[in-house]
Each structure stands twice: as C-alpha cells, then as structure tokens.
Amino acid sequence: MKILGIDTSTAIASVALVEDGALVLEEIHPDFSLREVGASRPERANHAETVLPLVDSLLRKACLTLTEVNALSVAIGPGSFTGLRIGISTVMGLAFGWDMPVVGIPTLPAIAARAAAWNGVICPFLDARKGEVYTALFRNDKNGSLRRLAEDAVSLPEKALLTILSYPRECCLLVGSGTQVYRELIESILSGVDHKAQREMSPSTAFGVARLAEGKVRKREFNSPGLLSPLYLRPSEAEVQRPREAKRHE
C-alpha cells in the first residue's frame, strides 16, 4: 500500500511517500529546519512552482511512476488560504489525469501524526499570522491511532497554551511553525508544565497526511476530487474587507 501525501498549507511545501505506515521518502521546500532557530517568521515560498517538481523528484528517487501509487492524499486545512488552494488543485489535476483515488486530510491531525511515537499530549501549534495560531489537542492510543482531545481552533496563542494546563500530569509535545514564532511565550506560560517544543520540520506534514490517509484508503473512504474543498477556521481577507467596502460606499 503506497500513499503519496502532499501538503502546501504552511510556509513549507512537502510531499511524502508512505508504504504500509512507514515513511519511504519525503521532499521539502524550502527546508527551514536548516535555519537558525529564532522568532523571525519565514517568508512563504511559491508552492505553485515547487509542488509538482517535488512530486516528480520524489517519484524518481523512489524509482516509481504515479501509476504505481495506490492513492493521493492532500492537506485540506486550516492553513494558508492560497497554499490550500494550490495543494487541492494540484491533487485534483493529478487525480483526474491519472484516474487515481484521493483522500483529503485536515492539517492539524496530520501535524500531530508526525509524532507517532510520542507518549503524551500532542498539540499542533501552527502559525496562523495576525497574532493567532491554529491548534488542537491529540493523544496516540496504544493501537497506534490518533485520538482527538480538543477540536481544531484558531485563537490567541496565550489561550491555546492555557488549554495545555488542563493536562498537568502528561508531557505535552508542541509541533508546528508556531513553536518558533512564539517560543518565548511558550516557555513563559508552560514553565511549570512538562513540555517539549519540536521546532524541526522533519518528518514533514505530508508524511502525516499520507499516514492518516492510509487508514481511510484501506476502508475505501475516498473523496471525490471535484468536491475537495479547503477547511477554513476564519474568513479570508477578502471576506473581511467586503463589508468594510460596502459600508464605505453607503
């Protein structure tokens, strides 16, 4: 069972090949894990120009063609509005062109799925810009499945971190781009709680996408490519500006 995962929901575009639950290969661009850890926020790359070359590079390194992959999977959000549209449209094009099944996977569970071996609470902590984060809480069950403890939300980072204090007896792993942007705030609020912030970006979110998609593929729980749509937790900038423009012209 070979699943190709694609993620363009964050500043990093990634693709990953998973076979029977194990990561075979992954491609990441740009690799911000090589940058010095700091509070600066990396600029987003042009995923429209990079995601298909990443797929091609991965397949060549794996000595595979797309026809040898069992299914495609893609992160559907929350995340960058433009990035999500690029990832979904890319997968739609590949699915229609090669007649392949598709599975859409929410971004935050995919981020949590990167920490498959973690024994404790997992908190995806994704920078949502505008002083907010996308976050949720999960735990790995003994059978290897990911159990949700809190729903996906967009909130102030302080509020998101305070929810972790509800689990004082468990070590919490924070994963995602927000751990770099808000590292000082994390250390301040969670100073009395056993926690770890995983700032490195490998394995990629695409690995988590493919890993979670594999279970759905085995159950034949596919999505129609034409019906795939981004999962937004807040309105786009255009939706915010529209009422303002209307009032301005009244």
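Residues numbered from 1 in each chain as written. Predicted model: local features only at pLDDT ≥ 70, side-chain atom pairs only at ≥ 80, totals over all residues. Heavy atoms only, no water.

Chemist: What should I look at first to understand the environment of L190 in this one?
Modeler: Note on placement: L190 falls in the loop between α6 (183-189) and β10 (195-198). Given a relative accessible area of 0%, L190 falls into the buried group. Put simply, L190 and P168 are 22 residues apart on the chain and 9.8 Å apart in space, counted from C-alpha to C-alpha. The contacts of L190, once residues within four sequence positions are left out, are L161, I164, L165, L174 and H195. (Helix = DSSP H or I, 4+ residues; strand = E, 2+ residues; numbered from the N terminus. Buried < 20%, exposed > 50% of the residue type's maximum accessible area, 1.4 Å probe, protein only. Contact = heavy atoms within 4.5 Å.)

Chemist: What's the story with the environment of N143 in this structure? I'm lost.
Modeler: Along the chain, N143 falls in the loop between β7 (132-140) and β8 (146-155). For N143, the side chain forms a polar contact with the side chain of S145, separated by 2.6 Å. (Polar contact = N/O pair within 3.5 Å; in protein donor to acceptor, adjacent residues only side chain to side chain.)

Chemist: Help me understand the sheet that holds strand β9 (residues 172-175), please; the structure alone is not making it clear to me.
Modeler: Remark on secondary structure: sheet strands pair via backbone hydrogen bonds, oriented parallel or antiparallel. Read from one edge to the other, the open sheet built from 5 strands follows the order β8-β7-β6-β9-β10, with strand pairing classed as mixed. Only two strands of the sheet have a single neighbouring strand rather than two, namely β8 and β10. Within this sheet the neighbouring strands show an average axis-to-axis angle of 20°, counted without direction. Note that strand β6 (residues 121-129) and β7 share 6 bridges and pair antiparallel. What sits directly across from R129, in β7, is E132. (Pairing = 2+ DSSP bridges. Axes fitted to C-alpha atoms, helices over the stretch in contact; angles between N-to-C directions.)

Chemist: Got a minute to help me understand the pattern of salt bridges in this structure?
Modeler: A side chain with one charge can pair with a side chain of the opposite charge if their charged atoms come near. Using the criterion set out here, one finds 11 salt bridges in the structure. Here R147 and D141 are joined by a salt bridge, their closest N and O atoms 3.0 Å apart. Connected through shared salt-bridge partners, D20, E214 and R218 make up one network. (Salt bridge = Lys/Arg side-chain N within 4 Å of Asp/Glu carboxyl O.)

Chemist: What exactly am I supposed to notice about the packing of aromatic side chains here?
Modeler: Centre distance and the angle of the planes are the two values used to describe a pair of aromatic rings. Within the structure shown, the criterion is met by 1 aromatic pair. Ring centres 4.1 Å apart and planes at 20° place the aromatic pair F81 and Y232 in the stacked group. With F81 in helix α2 (residues 81-98) and Y232 in the loop between α7 (205-218) and α8 (237-248), the pair connects residues that are 151 residues apart, well separated along the chain. (Phe/Tyr/Trp six-rings, centres within 6.5 Å; stacked < 30°, edge-to-face > 60°.)

Chemist: Would you mind showing me how to read the sheet that holds strand β1 (residues 2-7) here?
Modeler: If you trace the 5 strands from one edge of the open sheet to the other, you get β3-β2-β1-β4-β5, paired in mixed fashion. Of all the strands in the sheet, just β3 (22-29) and β5 (102-105) have a single pairing partner and so form its edges. Between one strand axis and the next, the sheet turns through 20° on average, direction left out of account. Relative to strand β4 (residues 71-75), α2 is tilted by about 170°, and along the sheet it contacts β1, β4 and β5. Strands in contact with α7 are β1, β2 (13-19), β3, β4 and β5; relative to β1, the strand with the most contacts, it is inclined by about 135°.

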